[in-house]
Structures are given as structure tokens and as C-alpha cells.
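Coordinate analysis (summary)
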Amino acid sequence: VAKDSTRFDDLSRLGILYLDRDQIERAIAVLSKAHDLKPLDRKVAVNLGAALDANNRPAQAQRYYEEVLAAFPGDSVASCRLASSLYSQGKYGEAVRLLDDVIERSPRAHCAYFTLGVAFADAGIYKDAIRMWRRVVELAPTSAEGVSARESIEVLEKFVGR
């Protein structure tokens, strides 16, 4: 990338690497360049949105998620990211409605169950949170969400006395 910053695949991989390493400003810069090269690449747009969310810029992030959803209406990852972003802004009803829609369209979209689990846990509805996270573990046990869900289940079960 240092020698040729016009190669989309290299920019995309580097941006995701920066995002994975919590180098958010760098991720935003590199993913923005990749997005300029291929504005309709949904993976780059969603990851750019995730980087902006991590940088406490949810309004900008949501524009990228919505851009993906305009081109690919059934994209469950963009929908889940948008719902999570909305939730972080306190737009709980809107986020939950979006997640319900994702589950209705894609019953195996583990990201929706994970985010609902977070919402239930935040609201103190622990049994429903555990139920949502068990579904994540069932659907995607080795995913990042599956690992986190398993850990969260363990913590909550100890807390509620199971």
C-alpha cells in the first residue's frame, strides 16, 4: 500500500487489519480510500461504518450502513451494524425493530440475536439475553459473537444464580 495506494484489495485488507488492531484513525483513512475506489463494495462500506462507530461518529457510520442497505436491502451484517449504532445512540425502539426485521428475513443471522442479547442484558432482562446468546452459540459457535456470547452467558448465569 505504501508503494501503490490504488490497489483496492490491499487497501481493504489493510483497513480491516487496522480495525482489528484498534488503530481506528488509520482504519478510517485506509477504508475511505478503498471506498473511494469501489463505492459499492459492501464489506468496505460496512467496515468503514464500524470504524466510524468505534471513533464515536455514529451519524457518519450510519450513512455507510444505509448506503449498503440501499444497494443490498437484505444485507444482515449492514442491518445489524446499523441497529447496533442506533442502539448506542439510545434509539432503542428503532434498533430493536430493525433487528426483528433481520430475524424475520434471515432467521440464521447470528448478529441480530447477539445484538438483541446485548439489549436485553442492558435492560436487565437477563433470561432473554441468555436465550438470545444461546441462539448465537448454536448458529455460529466459533464466530467472534459466538465466543463473546458464550462468555456473557457464563457471567449472567452466575449473576442470576443458575
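In this report, we go over the structure that sits alongside the text. In this text, all values refer to a predicted model and were calculated from it rather than measured experimentally.

Analysis parameters
- Residues numbered from 1 in each chain as written.
- Predicted model: local features only at pLDDT ≥ 70, side-chain atom pairs only at ≥ 80, totals over all residues.
- Heavy atoms only, no water.
- Disulfide = S-S within 2.5 Å.
- Helix = DSSP H or I, 4+ residues; strand = E, 2+ residues; numbered from the N terminus.
- Buried < 20%, exposed > 50% of the residue type's maximum accessible area, 1.4 Å probe, protein only.
- Axes fitted to C-alpha atoms, helices over the stretch in contact; angles between N-to-C directions.
- Parallel < 35°, antiparallel > 145°, perpendicular 65-115°, else oblique.
- Left-handed = near helix turned anticlockwise from the far one by under 90°.
- Contact = heavy atoms within 4.5 Å.
- Phe/Tyr/Trp six-rings, centres within 6.5 Å; stacked < 30°, edge-to-face > 60°.
- Expected span 1.5 Å × (residues − 1).
- Arc of directions from axis to C-beta.
- Nonpolar A, V, L, I, M, F, W, Y, C, P; charged D, E, K, R; others polar.

Regarding the state of the cysteines
- Inspection of every chain in the model, using the stated rule, returns one disulfide.
- With its sulfur 2.1 Å from that of its partner, Cys 80 forms a disulfide with Cys 111. Taking the torsion about the S-S bond as the criterion, the Cys 80 to Cys 111 disulfide, at about 65°, is right-handed. Taken together, the positions of Cys 80 in helix H5 (residues 76–88) and Cys 111 in helix H7 (residues 110–122) put the pair 31 residues apart, joining distant regions of the chain. Just as Cys 80 is buried, Cys 111 falls in that class too.

Considering unusual backbone geometry
- Here the phi dihedral of Asp 22 falls at roughly 60°; this positive angle occurs in a residue that is not glycine.
- Mapped onto the elements of the fold, Asp 22 is located in the loop between helix H1 (8–20) and helix H2 (24–37).
- Judged by relative accessible area, Asp 22 falls into the exposed class, the value being 63%.
- A positive phi angle, near 60°, is found at Asn 56, a position not held by glycine.
- Turning to its location among the elements, Asn 56 is positioned in the loop between helix H3 (42–54) and helix H4 (58–71).

Some details on the packing of helix H6 (residues 92–105) against H7
- The contact between H6 and H7 brings their axes to 9 Å, and the two run at 150°. Between H6 and H7, the interaxial angle falls into the category roughly antiparallel. Judged by the sense of rotation from one axis to the other, the crossing of H6 with H7 is left-handed. In this structure, H6 uses Val 96, Leu 99, Asp 100, Val 102 and Ile 103 to contact H7, whose residues at the interface are Ala 112, Tyr 113, Thr 115 and Leu 116.

Here we look at the packing of aromatic side chains
- Evaluated as defined, the whole model comprises three aromatic pairs.
- When the ring of Phe 114 is compared with that of Trp 133, the centres are 6.4 Å apart and the planes differ by 40°; the resulting orientation is tilted. Here Phe 114 is found in helix H7, whereas its partner Trp 133 is found in helix H8 (residues 126–139), with 19 residues between them in sequence. Each member of the pair, Phe 114 together with Trp 133, is buried.

Notes on helix H9 (residues 144–160)
- The end-to-end C-alpha separation of H9 is 24 Å, in line with the 24 Å expected for 17 residues at 1.5 Å each.
- Of all the positions in H9, only Gly 146, Ala 149, Ser 152, Ile 153, Leu 156 and Glu 157 are classed as buried. Down the axis, H9 shows its buried residues gathered within 135° of arc, on one side only. Within H9, the exposed residues directed more than 90 degrees away from the buried face are Ala 144, Val 155, Lys 158 and Phe 159.
- On its buried face, H9 is in contact with H7 and H8.
- Looking at the residues trailing H9, positive phi occurs at Gly 161, about 80°.

Description of the packing of H1 against H3
- Contact geometry of H1 with H3 gives a least axis separation of 10 Å together with a crossing angle of 30°. With respect to H3, the axis of H1 lies roughly parallel. Considering how the two elements wind past one another, H1 and H3 form a crossing that is left-handed. Each of Phe 8, Ser 12, Ile 16 and Leu 19 in H1 lies in contact with H3, whose residues at this interface are Lys 43, Val 44, Asn 47, Ala 50 and Ala 51.
- For the contact of H1 with H3, the per-class residue count stands at six nonpolar, two polar and one charged.

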